[in-house]
Amino acid sequence: MSHLSDEQLSALADRALDARARDAAERHLQGCAACRDSLARLASQDRELRAALEHDPGEDYFATFAARVGGRIRAAGFEGAQAKALGEGRGLAGWFRSPRKLALLGAAAAVIAGAGIVMVATREARMPALRSPELEGRA
């Protein structure tokens, strides 16, 4: 037994089927509980949606919408990331909680380590008099 498609059920609920198709759909609904349940759910959804779409708050509601939202945000004060940045970001521990500050620390550490490596590597090239002849002989 083939059931009515969603399109057929929707057209039946909207009374958009021609007489022959409507009669065939109604005969099918008499013997098919699953299609009757589907049609009942569809009709229920239509009623709920109709009630939601009929409510129009009016132009005045939307004219002041942005101001009302801004007022609520200001009344609630700082929350979330802003509060953490102001309250918890103090001291050395604050540096490790912020990804931006942590990246800055990592970059500074890389520059310092790189400079140290360059200094150690070029130390002997700059000051050959510091080499010990004894150590060169052993090598």
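Residues numbered from 1 in each chain as written. Predicted model: local features only at pLDDT ≥ 70, side-chain atom pairs only at ≥ 80, totals over all residues. Heavy atoms only, no water.

Remarks on the overall build of the chain
Looking only at helices and strands, the chain has nine helices and zero strands in total. Along the chain, helices (α) and strands (β) appear in the sequence α-α-α-α-α-α-α-α-α when read from the amino end. In the chain, buried positions account for 10% of the 139 residues. By element, 59% of the accessible surface of the chain is carried by carbon and sulfur atoms, the whole surface being about 11,800 Å². (Helix = DSSP H or I, 4+ residues; strand = E, 2+ residues; numbered from the N terminus. Buried < 20%, exposed > 50% of the residue type's maximum accessible area, 1.4 Å probe, protein only. Areas by Shrake-Rupley, 256 points an atom, 1.4 Å probe, with all protein chains shown as cover.)

Digging into the nonpolar core
Counting eleven residues, the largest nonpolar core consists of Leu4, Leu9, Ala11, Leu12, Leu17, Ala25, Leu29, Cys32, Cys35, Leu39 and Leu42. When contributions to this core are tallied by element, the ones reaching two or more residues are helix 1 (6-13), helix 2 (19-31) and helix 3 (33-54). Excluding its chain neighbours within four sequence positions, the residues that come into contact with leucine 12 are Leu17, Arg22, Ala25, Leu29 and Leu39. (Core = buried A, V, L, I, M, F, W, Y, C linked by side-chain atoms within 4.5 Å. Contact = heavy atoms within 4.5 Å.)

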